Amino acid sequence: MPRRAAAILTLYIADEEVELTAIRAQGAGGQNVNKVSSAIHLRFDIRASSLPDDVKQRLLALRDHRISKEGVVIIKAQAYRSQEKNKADALQRLQEMLALVARVPVLRRPTRPTRSSQRKRLQTKTQRGEIKSMRGKVRD
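Our subject in this report is the structure included herewith. (Residues numbered from 1 in each chain as written. Predicted model: local features only at pLDDT ≥ 70, side-chain atom pairs only at ≥ 80, totals over all residues. Heavy atoms only, no water.)

### Structural notes on the overall build of the protein chain
For step 1, the next point in the chain: Assigned secondary structure in the protein chain consists of four helices and three strands.
For step 2, the next point in the chain: N-terminal to C-terminal, the α/β element order of the protein chain is β-α-β-α-β-α-α.
For step 3, the next point in the chain: Within the protein chain, the fraction of its 140 residues that count as buried is 21%.
For step 4, the next point in the chain: As displayed, the protein chain offers around 11,400 Å² of accessible surface, 51% of which is attributable to carbon and sulfur atoms. (Helix = DSSP H or I, 4+ residues; strand = E, 2+ residues; numbered from the N terminus. Buried < 20%, exposed > 50% of the residue type's maximum accessible area, 1.4 Å probe, protein only. Areas by Shrake-Rupley, 256 points an atom, 1.4 Å probe, with all protein chains shown as cover.)

Structure below.
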């Protein structure tokens, strides 16, 4: 029987649904870090978004530290010195998170083991038991 592939949705997010804020980056970097707000703080409210309801539920069920209890995705991008690169990085990470939940999981149909696999399992158990019984003390 051919295996079904999981359905993949193409998700689009409106620019108004994503809140981007420029903040100062942390860590070493000298005057550039102290003066320029090059880091990006991205906020995306899952519940208020235009995503389909099933995708929202899968996204909220994700155990990810970037999703707050209120259902807001918070991503902080500060890897680059330029604000544009950090903005692109934050949006890319949000897109990767959405692509993770866009795939509809295939439900597993429970099956029973075949008769031959049950027979093989019992044979190997019997063989192992015989091997282990031979390890005991030798009696006359």
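### Quick word on the side chain of Ser38
For step 1, the next point in the chain: Mapped onto the elements of the fold, Ser38 is located in the loop between α1 (31-35) and β2 (39-45).
For step 2, the next point in the chain: Excluding residues within four positions of it along the chain, Ser38 makes contact with Ile23, Ala25, Tyr80, Arg81, Ser82, Gln83 and Asn86. (Contact = heavy atoms within 4.5 Å.)

### What to know about the nonpolar core
For step 1, the next point in the chain: Within the largest apolar cluster, 19 residues are counted, with the highest numbers of intra-cluster contacts made by Leu42, Phe44, Leu51, Leu59, Val73 and Leu94.
For step 2, the next point in the chain: Secondary-structure elements contributing two or more residues to this core are β2, α2 (53-61), β3 (72-77) and α3 (83-102).
For step 3, the next point in the chain: Setting aside residues no more than four positions away along its own chain, Phe44 makes contact with Ile13, Glu17, Val18, Ser49, Leu51, Gly71, Val72, Val73 and Leu94. (Core = buried A, V, L, I, M, F, W, Y, C linked by side-chain atoms within 4.5 Å.)

### Some remarks on the pattern of salt bridges
For step 1, the next point in the chain: If you walk through the whole model with that rule in mind, you get three salt bridges.
For step 2, the next point in the chain: The salt bridge partner of Arg66 is Asp64, with a shortest N-O separation of 2.8 Å.
For step 3, the next point in the chain: You can call Arg66 partly exposed: its relative accessible area is 23%.
For step 4, the next point in the chain: Measuring nitrogen to oxygen at the nearest pair gives 3.3 Å for the salt bridge that ties Asp89 to Arg93. Of the two residues, Asp89 and Arg93 are both situated in helix α3; the distance of four residues between them amounts to about one turn of the helix.
For step 5, the next point in the chain: Owing to a relative accessible area of 24%, Arg93 belongs among the partly exposed residues under this scheme. (Salt bridge = Lys/Arg side-chain N within 4 Å of Asp/Glu carboxyl O.)

### Focus: the packing of α2 against α3
When two helices pack together, their arrangement is given by the angle between their axes and by how far apart the axes lie.
For step 1, the next point in the chain: Viewed as axis vectors pointing N to C, α2 and α3 meet at an angle of 110 degrees, and their least axial separation amounts to 9 Å. Overall, the two elements α2 and α3 adopt an arrangement that is roughly perpendicular. For α2 against α3, the interelement crossing comes out right-handed. For the pair α2 and α3, contact is made by Val55, Arg58 and Leu59 and by Met97, Leu98, Val101 and Ala102, respectively. (Axes fitted to C-alpha atoms, helices over the stretch in contact; angles between N-to-C directions. Parallel < 35°, antiparallel > 145°, perpendicular 65-115°, else oblique. Left-handed = near helix turned anticlockwise from the far one by under 90°.)

### Some points on α3
For step 1, the next point in the chain: The terminal C-alpha atoms of α3, which comprises 20 residues, lie 28 Å apart, in line with the 28 Å expected from a rise of 1.5 Å per residue.
For step 2, the next point in the chain: The elements touched by buried residues of α3 are β1 (18-23), β2, α2 and β3. (Expected span 1.5 Å × (residues − 1).)

### With respect to the sheet that holds β2
For step 1, the next point in the chain: The strand order β1-β2-β3 describes an open sheet built from three strands, whose pairing is antiparallel. With one partner strand each, in any of the chains shown, β1 and β3 form the two edges of the open sheet. Along the sheet, successive strands turn relative to each other by an average axial angle of 15 degrees, direction set aside.
For step 2, the next point in the chain: Relative to β2, β1 runs antiparallel, the two sharing six bridges. Paired with Ile23 across the two strands is Ala39, which belongs to β2.
For step 3, the next point in the chain: Packed onto the sheet, α3 meets β1, β2 and β3 and runs at close to 145 degrees relative to β3. (Pairing = 2+ DSSP bridges.)

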